[in-house]
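# Summary of structural features
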Amino acid sequence: MERLWAPWRAGYVQKASPPVAAGGVSCFICEALAGDHDRDNLLVWRFPHSAVFLNRYPYNNGHLLVVPLKHRANLQDFEGEELNGPLSTISRLITILDVMLRPQGYNVGLNLGSAAGAGLPGHMHWHLVPRWDGDTNFMPVLGETKVLIESLHEFYDRLAGEL
């Protein structure tokens, strides 16, 4: 297999000690929300009922996570603004990303439970992935490599400036 050199990813691997949330469950979202190192944690925005993170291992440029502030695993565990707040945040982000990145579409996904693909099944979150016509090319198919055009911290700074 060919390798595409991406030395900026070494920082993620070297810091790979999972934080522990209430009840002893590992949750990087709760740890970041409790702290004040937002840029280091890729926590871009905090709202009254939701927060926005950059995905550390993005599927595409601009891949974001929208999270409710409370550590709950299931959709039915939320109601009112706790549920509507994150959905309003997704709508706002699409408006911002339309201007910043000009994608032709989006994947918006909610994986409930590990069997559905949730990498962090205890803290519900939505993935917002900008998509472009032809963004699936030979690199991931033949080279098993995804090419991203901007570092996470560069994109973080640009996105944080949009609020």
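Anything mentioned here points back to the structure above.
Described in the following lines is the structure provided in the data block. Everything numeric here is computed off the predicted structure, so don't read it as measured data. (Residues numbered from 1 in each chain as written. Predicted model: local features only at pLDDT ≥ 70, side-chain atom pairs only at ≥ 80, totals over all residues. Heavy atoms only, no water.)

## Focus on the overall build of the chain
Just so we agree on the cut-off: Under the scheme used here, helices are H or I runs from DSSP no shorter than 4 residues and strands are E runs no shorter than 2 residues, and both carry numbers assigned from the N terminus. Any residue under 20% of the maximum accessible area for its type is buried, any over 50% is exposed, and the rest in between are partly exposed; the area is computed with a 1.4 Å probe on protein chains only. Should any heavy atoms of two residues lie within 4.5 Å, those residues are counted as being in contact.
If you tally the helices and strands in the chain, you get 5 helices and 5 strands. Helices and strands in the chain line up, N terminus first, as α-α-β-β-β-α-β-β-α-α. Split into buried and exposed, the 163 residues of the chain put 36% on the buried side. Within the chain, counting contacts between residues at least 6 apart in sequence, those at least 24 apart form 64% of the total.

## A short note on the nonpolar core
As a rule of thumb, soluble globular proteins bury nonpolar side chains together. Note the threshold: Nonpolar core, defined: a set of buried Ala, Val, Leu, Ile, Met, Phe, Trp, Tyr and Cys residues in which side-chain atoms within 4.5 Å join the residues together.
Among the nonpolar cores identified, the biggest contains 22 residues, and W45, L54, L64, L93, L97, F155 and L159 are the most heavily contacted of them. Taken together, the elements giving at least two residues each to this core come down to strand 1 (43-46), strand 2 (50-54), strand 3 (64-68), helix 3 (81-100), strand 5 (126-131) and helix 5 (152-160). Broken down by element, this core gets its largest block of residues, 5 residues, from helix 3. The residues touching F155, leaving out its near neighbours within four places in the chain, are L54, G62, L64, L97, M100, L101 and E150. Core analysis: the second largest hydrophobic core is formed by 11 residues, A32, L43, A51 and L65 among them.

## Topic: the state of the cysteines
Spelled out, the test is: For this text, the term disulfide refers to a pair of cysteine sulfurs within 2.5 Å.
Overall, the coordinates contain 0 disulfides when judged by the stated rule. Unpaired in this structure, C27 has its nearest cysteine sulfur neighbour in C30, at a distance of 3.5 Å.

## Regarding the sheet that holds strand 2
We count it as follows: A strand pair is defined by DSSP finding two or more bridges across the two strands. Angles here are taken between N-to-C directions and fall from 0 to 180 degrees, while the axes themselves are lines fitted to C-alpha atoms, restricted in helices to the stretch in contact.
Strand order in the open sheet made by the 5 strands is 1-2-3-5-4, with antiparallel pairing throughout. Of all the strands in the sheet, the pair left with one neighbour each is strand 1 and strand 4 (105-110). Sheet twist, expressed as the average angle between the axes of neighbouring strands with direction ignored, equals 20 degrees. For strand 3 and strand 5, the ladder comprises 3 bridges, and the chain directions are antiparallel. Among the inter-strand pairings, L64 is bridged to a residue of strand 5, identified as L128.

## Some remarks on helix 3
The following threshold applies: Given a helix with a known number of residues, its expected span is that number minus one, times 1.5 Å. Comment: arc refers to directions from the helix axis out to C-beta atoms.
Under the 1.5 Å per step criterion, the end-to-end length of helix 3 is 27 Å for 20 residues, consistent within 8% with the ideal 28 Å. Among the residues making up helix 3, those that are buried are E82, G85, P86, T89, I90, L93, I96, L97 and M100. Viewed along the axis of helix 3, the buried residues span an arc of 140 degrees, placing them on a single side of the element. Pointing more than 90 degrees away from the buried face of helix 3 are the exposed residues T95 and V99. Buried residues in helix 3 make contact with strand 1, strand 2, strand 3, strand 4, strand 5 and helix 5. In the stretch just after helix 3, R102 is the one whose phi turns positive, near 50 degrees.

## Concerning the pattern of salt bridges
Note on pairing: side chains with opposite charge can pair once their charged atoms come close. Note the cut-off: A carboxyl oxygen of Asp or Glu within 4 Å of a side-chain nitrogen of Lys or Arg is what we treat as a salt bridge.
This model, assessed by the stated rule, comprises 4 salt bridges. R39 is the salt-bridge partner of D157, the closest N and O atoms lying 2.8 Å from each other. In this pair, D157 is assigned in helix 5 and R39 in the loop between helix 2 (28-34) and strand 1, connecting sequence segments 118 residues apart. The class of D157 is partly exposed, set by a relative accessible area of 41%. Of the residues examined, R39 reaches a relative accessible area of 36% and is grouped as partly exposed. One network of salt bridges, in which partners are shared, links K70, R72 and E82.

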